[in-house]
Amino acid sequence: TGSVSGSADNDYLVWAGTNGTELMGIDGVISASDPNLPGGGLQGLPVATYGYWKAQDLNNSGTLRDLSFELMQKPLTQIDMRSGFSSSDIPFLLSNGPIYDKYCALCRVDKRHVNTMRLDGGQTAVDFNGYALVLDPQTKRNTIFYPNPKAIDLLTSSGGITWADFLDGEQFKMKVGSSGHSDAYLAYQVFYGNLAVRARNASGVLR
């Protein structure tokens, strides 16, 4: 509506009427708390009832702390200890630029050689104990995610992103302007699906 009223800590800003209809992100899945969605819980399973299902979430109650190799290892160890999965199921870690840079600086201080890795698709990463630490500009500040693709799926009912049909069944329409038709065409795409998880405790996050 153009204004915000009745807001509270940890509320989301979304387009009016879209809460609960947007695609779920990994911050909602890889967490020890419930995303702020209508009905509560993730996929209808609230942490208060299904606490054993929550992700391995190592936080410091919002207080900043120094990054260390020991801290970075802890989510992997907890996945081994507290889920039916193995830390070897984690193919990479995700962080934003400042965390990525801080890890490289930490290696230099500890006189460790920072090995670079090239992943499928050309993405480059640095090595942490055999795991690829990938720079993702969209990752939250002061956060490293440990996603487990074996427990996370992208479920769709439309076969992925598809071209939508107009009411007459056509997918492309010639654009009509004030002076008649033009060489431009109109089309739009749709996606019906969501990020789903079979076991939240199979993934981890360091905050």
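Residues numbered from 1 in each chain as written. Predicted model: local features only at pLDDT ≥ 70, side-chain atom pairs only at ≥ 80, totals over all residues. Heavy atoms only, no water.

Trainee: Looking at this model, I keep getting lost on unusual backbone geometry. Mind explaining?
Mentor: Negative phi values dominate among residues other than glycine, just as trans dominates among peptide bonds. The residue glutamine 43 is not glycine, and still its phi comes out positive at about 60°. Mapped onto the fold, glutamine 43 is located in the loop between α1 (26-29) and β1 (56-58). At asparagine 142, a residue that is not glycine, the phi angle is positive and equals roughly 55°. With respect to the helices, strands and loops of the structure, asparagine 142 is situated in the loop between β5 (131-135) and β6 (144-146). (Helix = DSSP H or I, 4+ residues; strand = E, 2+ residues; numbered from the N terminus.)

Trainee: Would you mind going over the layout of surface pockets with me for this structure?
Mentor: Each pocket or cavity is described by its volume, and for the largest pocket that value is around 1,300 Å³. Around the largest pocket, the lining comprises 48 residues; the ones closest to its centre are Asp27, Ser31, Lys140, Thr143 and Arg207. Contributing elements (two or more residues each) for the lining of the largest pocket: α1, α3 (97-109) and β12 (193-197). Among the residues forming the lining of the largest pocket, the class breakdown is 20 nonpolar, 18 polar and 10 charged. (1 Å grid on protein atoms, 1.4 Å probe; cavity = no way out; pocket = protein on both sides within 12 Å on 5 of 7 lines; lining within 4 Å. Points joined across faces, edges and corners; volume = space filled by probe spheres on them. Nonpolar A, V, L, I, M, F, W, Y, C, P; charged D, E, K, R; others polar.)

Trainee: So what exactly am I meant to see when it comes to the nonpolar core here?
Mentor: The nonpolar side chains of a soluble globular protein tend to be buried with one another. The biggest cluster of nonpolar side chains holds 21 residues, and the ones touching the most others in it are Met72, Leu93, Tyr103, Leu133, Ile144, Tyr146 and Leu206. Elements that contribute at least two residues to this core include exactly α2 (69-82), α3, β4 (124-128), β5 and β6. When neighbours within four sequence positions are excluded, leucine 206 is seen to be in contact with Leu58, Arg65, Leu67, Leu71, Met72, Pro75, Asn142, Thr143, Ile144 and Tyr146. Grouped together as the second largest cluster of nonpolar side chains are 18 residues, Val29, Ala125, Phe145 and Ala151 included. (Core = buried A, V, L, I, M, F, W, Y, C linked by side-chain atoms within 4.5 Å. Buried < 20%, exposed > 50% of the residue type's maximum accessible area, 1.4 Å probe, protein only. Contact = heavy atoms within 4.5 Å.)

Trainee: It is not clear to me how a nonpolar patch on the surface should be interpreted in this structure. Could you clarify?
Mentor: Taken together, the side chains of Trp163, Phe172, Met174 and Tyr185 present a nonpolar region at the surface, about 430 Å² in accessible area. As for its placement among the helices and strands, phenylalanine 172 is situated in the loop between β8 (162-163) and β9 (173-177). For phenylalanine 172, a relative accessible area of 44% translates into the label partly exposed. (Patch = residues over 30% accessible without salt bridge, like charges linked within 9 Å, V, L, I, M, F, W, Y side chains within 5 Å. Areas by Shrake-Rupley, 256 points an atom, 1.4 Å probe, with all protein chains shown as cover. Salt bridge = Lys/Arg side-chain N within 4 Å of Asp/Glu carboxyl O.)

Trainee: When you look at the pattern of salt bridges in this model, what are you seeing that I'm missing?
Mentor: Any two side chains of opposite charge can pair, so long as their charged atoms come close to each other. Summed over all chains, the structure comprises 6 salt bridges. Among the ionic pairs, aspartate 89 bridges to lysine 150, the shortest N-O distance being 2.9 Å. Pair noted here: aspartate 89 is in the loop between α2 and β2 (92-95) and lysine 150 is in the loop between β6 and β7 (152-156), with a separation of 61 residues, a long-range link. Salt-bridge contacts for arginine 198 lead to aspartate 153; the nearest nitrogen and oxygen are separated by 2.2 Å. One end of the pair, arginine 198, is in the loop between β12 and β13 (204-206); the other, aspartate 153, is in strand β7, with 45 residues separating them in the sequence. A cluster of three or more residues bridged by salt bridges with shared partners is formed by Asp27, Asp57, Lys140 and Arg207.

Just geometry here; none of it tells us what the structure is for.
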